[in-house]
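Architecture and fold: a report
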Amino acid sequence: MGKLVEYSREWLHKEKINGAIFDLDGTLLDSANVWSDIDRAFLAKRGFSVPEDYQKTIAPMGFYETACYTIRRFSLDETPEDLIAEWNDMARMAYHQQVLLKPESKDFLDFLHREQIPLAIATASHRDLFEPCLERLGIKDFFSVMLTVQDVGVGKEEPDLYLETARRLGVKPEECLVLEDLPVTIQSASRGGFLTVGVYDQGTTGKEQWHEMKRLSRYLLQE
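First, a word on scope: everything that follows refers to the structure included in this document. A quick note: this is a predicted structure, and the numbers were derived from the prediction, not measured.

The tally for this structure, following the rule as stated, stands at 13 aromatic pairs. Judged by centre distance (6.2 Å) and plane angle (25°), the ring pair of Y54 and Y69 falls under stacked. Within this pair, whereas Y54 is found in helix α3 (residues 54-58), its partner Y69 is found in helix α4 (residues 63-74), the two being separated by 15 residues in sequence. Ring centres 6.3 Å apart and planes at 65° place the aromatic pair Y162 and F194 in the edge-to-face group. One end of the pair, Y162, is in helix α9 (residues 160-169); the other, F194, is in the loop between α10 (183-191) and β7 (195-199), and 32 residues separate them in sequence. Across this residue pair, the class does not change: Y162 and F194 are buried. Through a chain of ring-to-ring contacts, three or more aromatic side chains come together here, namely W11, F22, F108, F143 and Y219. One residue, R46, lies across the ring of F42, its end atom 3.7 Å from the ring centre.

Now for the pattern of salt bridges. For side chains of opposite charge, pairing can occur when their charged atoms come near one another. Summed over the entire model, instances satisfying the criterion amount to 22 salt bridges. A salt bridge links K156 to E180, with the nearest nitrogen and oxygen atoms 2.7 Å apart. Of the two residues, K156 is situated in the loop between α8 (149-152) and α9 and E180 in strand β6 (residues 176-180); the sequence distance between them amounts to 24 residues. Across the salt bridge formed by R215 and E212, the nearest N and O atoms sit 2.6 Å from each other. Taken as a pair, R215 and E212 lie in helix α11 (residues 207-216) at a separation of three residues, close to a single helical turn. Under the relative-accessibility criterion, R215 is labelled exposed at 57%.

Here the focus is the pairing of β6. Within β6, five of the five residues are buried, which leaves the element mostly enclosed by the surrounding structure. The two faces of β6 match: C176, V178 and E180 on one face and L177 and L179 on the other face are all buried. With four bridges connecting them, strand β1 (residues 19-22) and β6 associate as parallel partners. Note that in β6 the partner of F22 across the bridge is L179. Here β6 runs beside β7; their pairing, made up of four bridges, is parallel. Of the residues in β7, the one forming a bridge with L179 is V197. Where the polypeptide runs from β6 across α10 and back to β7, its parallel neighbour, the crossover connection is right-handed.

What counts, and where the lines are drawn
Residues numbered from 1 in each chain as written. Predicted model: local features only at pLDDT ≥ 70, side-chain atom pairs only at ≥ 80, totals over all residues. Heavy atoms only, no water. Phe/Tyr/Trp six-rings, centres within 6.5 Å; stacked < 30°, edge-to-face > 60°. Helix = DSSP H or I, 4+ residues; strand = E, 2+ residues; numbered from the N terminus. Buried < 20%, exposed > 50% of the residue type's maximum accessible area, 1.4 Å probe, protein only. Lys NZ or Arg CZ within 6 Å of the ring centre and 35° of its normal. Salt bridge = Lys/Arg side-chain N within 4 Å of Asp/Glu carboxyl O. Pairing = 2+ DSSP bridges. Right-handed = clockwise from strand over helix to strand, strands pointing away.

Dropping the structure here:
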């Protein structure tokens, strides 16, 4: 039995859990390198290197918010729509053909499904990227609700997306897990009243961030 299943058995024993909301990139999907490669290639094409704080800053944002921020930060003479289209083109092949699940994710979802825990997705990614990816990986049908930041009009630095996802899932925040791989999103979900699970991701979670996630999260998952 995988350790993720053992962890979740422990949570179900300790808590009244009636739902679980998953982030995708870095939490269920091993996709961190896709976006770091896109950031490098996109900015290099315009004569910039990736600033140290750039990826951390944009991580909780939706595509449109990220595009507006990038245009302001680098004084680009482009529209948000231009940037989003280019990013989608760069990411589409990776998501449709290459991105894989993180280890044990399928077993973890199988277990929660058998325990009749309703599952949802709350992501900053675009549907035309992640839906074909989830279909290819055989996990799309696990989720009765899939929402993005575009559906609520605000990034994951605020709890709106989690609250709306829980509402559509039909569960109370205090009875719902939120699994995320960033301190800012863990903190946001905590403000919404959720049971937070900090997920370590080798591609995105540095030592300082993991220390912060240990402080903020109710539970932790580490590979």
